[in-house]
Amino acid sequence: MSSRDKKAMTLLIILYLIQGIPLGLALGSVPFILREHLSYSQLGVFALSNYPYSLKLLWSPIVDSTFLPSIGRRKSWIIPMQLIIGSLMLYIASNVGRLMENPADNIHELTFVFTSLVLFSATQDIAVDGWALTLLSQENLSYASTCQTIGLNTGFFASFTVFLALNSEAFAEKWGIPRLELSTYLRFCSLLCFGVTFWLTFFETEGNESLDESEMTVTSVYKTIWAICKLKHVQALIIMHFFAKIGFQANEAVTSLKMIEKGLGREDLAIVVLIDFPFQILGGWFAAKWSRGDRPLRPWIWAFWPRLAFAFLSTLIVYWFPTPPLSYGFFVYLIIHTVLQGLASTIQFVGISAFHTRISDPLIGGTYMTLLNTFTNLGGTWPKYFVLKGVDYFSEAYCEVKEAHSELLVKASECVSERGKEVCSEIDGQCITERDGYYYVAAICMSFGVLFLVFYIIPTARKLQALPVYRWRISPE
């Protein structure tokens, strides 16, 4: 690999890391912190903050075709977006005490500020994806997905598992270190974001693009994207992406929250995922090599089966979760389970990203990559709201109150909603779960996942990867 490509990979990893920080907060640590105060339905409302990442296709042609030539086609967007991301994190840091003190009353403001944070991160992602197609040489283009895996995962895990561990009072007391507050972490991340932006502005030069490429208009890019969407094989790919992740959505959205409910400490979860992290980086590197050649979707297809199997095993783990304190043997098993499950997920991510990079047209690289990634992301985003709502919908729980000076037990109220739990606590009752909707939602998701994999994904993916690259290209008008 040339020194030019190594430098380009370093730059891409850093820029993707900047994206991973807001995503780790919005998709990871903040929902975990809020879970102690909100119902699953209210968490479903907060989950709407993930949507900008899945809808960025709507404004990606503007990012691809509108820029200042003196700054550069991609830097024209990356620099201001990172400045806004850093400023937003400073705003949240200054108001986090008010917002998190009573999150049920501030759920809409919390959703708005984190939606805004993800929105600007998604816009930066459009520009970075497009830049990746021209930064790397053609023979090393498949490593763009590896850079994305390393950068995004590093930023995501720093904001999710590392932060949760350092934010835990039990972890801080155990290791004798000060507890890391959310406001402090946000201020640190904002400074990091500003520092990277300063370096990018004054020390990183963007290569010039050809006249034809730089003269593309917003209208022509939208027309080209519409022409791409009308291709039959692109439509088949979109349908495949839109439903492909339903099979393991209950596992990804709810399982960790259920383990926390049953007594798994946040610091224990953080340790599990921290051990998992280096394996995902190695897995991403080897998956990139595996995705080269004439069958780039092979690892993506293969990894569906272990992901569905681990989703099933995760459901059993929740059902038979032991009473704390956890034994050493169970904790080791949980680590092995998480590592293997994460490895399968990483293989899928890198495999499909490498395929998208292979078929994308550099002429509208940011938008073409965004088109393909949009439906990949949307396939994992749109079911989450319904999964969280479904857990509450299928759950049945009541408040059991023991009358004074009597052994008589009274069912006082429902105990599914957050309001019902508050009422139960106020009358010195205990919530008793008769039916946990998590298992019903998990069964529905996994059943659909297996059927869709066998009857649509496998035959369709094999046909799509056999198509020559030129079949995916459209010449803009």
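Anything mentioned here points back to the structure above.
All of these numbers come straight from a predicted model, not from anything done at the bench.

**Observations regarding the overall build of the chain**
Helix and strand content of the chain: 20 helices and three strands. A compact globule built from 477 residues should have a C-alpha radius of gyration of about 23 Å, and the chain, at 23 Å, falls within 12% of that. The C-alpha extent of the chain, read off along each of the three principal axes, is 85 × 50 × 40 Å. Looking at the chain as a whole, 57% of its 477 residues qualify as buried. Roughly 20900 Å² of accessible area belongs to the chain as shown, and the carbon and sulfur atoms make up 64% of that amount. Within the chain, the 38 negative side-chain charges are centred at a point lying 10 Å from the centre of the 36 positive side-chain charges.

**What about unusual backbone geometry?**
Working note: non-glycine residues mostly have negative phi, and peptide bonds are mostly trans. Looking along the chain, the bond that leaves Pro 324 and enters Pro 325 is cis, with omega of 5°. Secondary-structure assignment places Pro 325 in the loop between α16 (304–319) and α17 (328–359).

**Topic: a nonpolar patch on the surface**
Residues Trp 305, Val 450, Leu 451, Val 454 and Phe 455 make up a contiguous nonpolar surface patch of roughly 500 Å² in combined accessible area. If one sorts the elements of the nonpolar patch by residue count, helix α20 (residues 437–465) sits on top with four residues. Overall, the relative accessible area of 40% leaves Trp 305 in the partly exposed class.

**Considering the packing of helix α5 (residues 75–101) against helix α9 (residues 182–203)**
Put simply, α5 and α9 touch, their axes get as near as 8 Å, and they point 160° apart. When the interaxial angle is binned, α5 and α9 end up roughly antiparallel. Handedness of the crossing formed by α5 with α9: left-handed. Classifying every residue of the contact of α5 with α9 by side-chain character gives 16 nonpolar, eight polar and two charged.

**Details of the pattern of salt bridges**
Following the criterion strictly, the structure yields 10 salt bridges and no others. Note that Arg 4 and Asp 5 form a salt bridge whose closest N and O atoms lie 3.6 Å from each other. Classification of Asp 5 by relative accessible area gives buried; the value is 1%. Glu 261 serves as the salt-bridge partner of Lys 258, at 3.6 Å between the closest nitrogen and oxygen. Taken together, the residues span about one helical turn, with Lys 258 and Glu 261 both in helix α13 (residues 249–261) at a distance of three residues.

**Brief notes about the packing of aromatic side chains**
Aromatic rings considered in pairs are described by the distance between their centres and by the relative angle of their planes. Following the criterion strictly, the structure yields 25 aromatic pairs and no others. Between Phe 248 and Phe 304, the aromatic rings sit 6.1 Å apart at their centres with planes inclined by 35°, giving tilted as the arrangement. Pair noted here: Phe 248 is in the loop between α12 (232–244) and α13 and Phe 304 is in helix α16, with a separation of 56 residues, a long-range link. Here Phe 248 and Phe 304 have matching classes, each one buried. Here a set of aromatic residues connected by ring pairs shows up, and it is made of Phe 242, Phe 243, Trp 382, Tyr 385, Phe 386, Phe 448, Phe 452 and Tyr 456. Over the aromatic face of Tyr 53 sits the side chain of Lys 56, whose NZ or CZ is 4.2 Å from the ring centroid. It is Arg 307 that lies over the ring of Phe 248; its NZ or CZ is 3.8 Å from the centre.

**Focus: the environment of Val 45**
One can find Val 45 in helix α2 (residues 40–46). For the pair formed by Val 45 and Leu 388, sequence separation is 343 residues and the distance between their alpha carbons is 9.3 Å. Every residue in contact with Val 45, bar those within four places of it in the chain, is listed here: Ile 107, Thr 111 and Tyr 385.

**Considerations on α20**
Along α20, the helix axis deviates most sharply at Leu 453, where the bend reaches about 50°. At the N-terminal end of α20, a side-chain oxygen is found 3.0 Å from the backbone nitrogen of Tyr 438, two or three residues along, and the residue is Asp 436.

**Section: the packing of α16 against α17**
In the contact formed by α16 and α17, the axes pass within 9 Å of each other and the chain directions differ by 150°. Classified by the angle between their axes, α16 and α17 sit roughly antiparallel to one another. In the packing of α16 onto α17, the handedness of the crossing is left-handed. Residues Phe 304, Pro 306, Arg 307, Phe 310, Ala 311, Leu 313, Ser 314 and Ile 317 of α16 form the contact with α17, whose own contacting residues are Phe 330, Tyr 333, Leu 334, His 337, Leu 340, Gln 341, Ala 344, Ser 345 and Gln 348. Among the residues forming the contact of α16 with α17, the class breakdown is 11 nonpolar, five polar and one charged.

**Examining the side chain of Lys 56**
Within the fold, Lys 56 resides in the loop between α3 (51–54) and α4 (60–65). Judged by its relative accessible area of 0%, Lys 56 is buried. In this structure Lys 56 touches Ala 122, Asp 125, Ile 126, Asp 129, Thr 370, Thr 374 and Asn 377, once residues within four positions along its chain are discounted.

**Overview of the environment of Gly 247**
As for its position among the elements, Gly 247 is in the loop between α12 and α13. For Gly 247, a relative accessible area of 2% puts it in the buried group. With 200 residues separating them in the primary sequence, Gly 247 and Ser 447 have C-alpha atoms 7.0 Å apart. Excluding residues within four positions of it along the chain, Gly 247 makes contact with Leu 308, Ala 311, Cys 445, Met 446 and Gly 449.

**What about the nonpolar core?**
As a rule of thumb, nonpolar side chains are buried together in soluble globular proteins. Formed by 127 residues in total, the largest nonpolar core has its most connected members in Phe 114, Trp 300 and Trp 472. Sorting elements by how many residues they give to this core places helix α1 (residues 3–35) first, with 15 residues. With residues up to four places along the chain from it excluded, the contact list for Trp 300 reads Met 240, His 241, Ala 244, Gln 348, Ile 352, Ile 457 and Ala 461. Grouped together as the second largest cluster of nonpolar side chains are six residues, Cys 399, Val 401, Cys 415 and Val 416 included.

**Here's the deal with the environment of Ala 344**
By secondary structure assignment, the location of Ala 344 is in helix α17. For the pair formed by Ala 344 and Lys 421, sequence separation is 77 residues and the distance between their alpha carbons is 37 Å. In this structure Ala 344 touches Ala 303, Pro 306 and Arg 307, once residues within four positions along its chain are discounted.

Parameters at a glance
- Residues numbered from 1 in each chain as written.
- Predicted model: local features only at pLDDT ≥ 70, side-chain atom pairs only at ≥ 80, totals over all residues.
- Heavy atoms only, no water.
- Helix = DSSP H or I, 4+ residues; strand = E, 2+ residues; numbered from the N terminus.
- Rg over C-alpha atoms; globule rule 2.2 N^0.38 Å.
- Buried < 20%, exposed > 50% of the residue type's maximum accessible area, 1.4 Å probe, protein only.
- Areas by Shrake-Rupley, 256 points an atom, 1.4 Å probe, with all protein chains shown as cover.
- Lys, Arg positive; Asp, Glu negative; His and termini not counted.
- Charge placed at Lys NZ, Arg CZ, Asp CG, Glu CD.
- Patch = residues over 30% accessible without salt bridge, like charges linked within 9 Å, V, L, I, M, F, W, Y side chains within 5 Å.
- Salt bridge = Lys/Arg side-chain N within 4 Å of Asp/Glu carboxyl O.
- Axes fitted to C-alpha atoms, helices over the stretch in contact; angles between N-to-C directions.
- Parallel < 35°, antiparallel > 145°, perpendicular 65-115°, else oblique.
- Left-handed = near helix turned anticlockwise from the far one by under 90°.
- Nonpolar A, V, L, I, M, F, W, Y, C, P; charged D, E, K, R; others polar.
- Phe/Tyr/Trp six-rings, centres within 6.5 Å; stacked < 30°, edge-to-face > 60°.
- Lys NZ or Arg CZ within 6 Å of the ring centre and 35° of its normal.
- Contact = heavy atoms within 4.5 Å.
- Bend = angle between axes of the 7 residues up to and from the residue.
- Polar contact = N/O pair within 3.5 Å; in protein donor to acceptor, adjacent residues only side chain to side chain.
- Core = buried A, V, L, I, M, F, W, Y, C linked by side-chain atoms within 4.5 Å.

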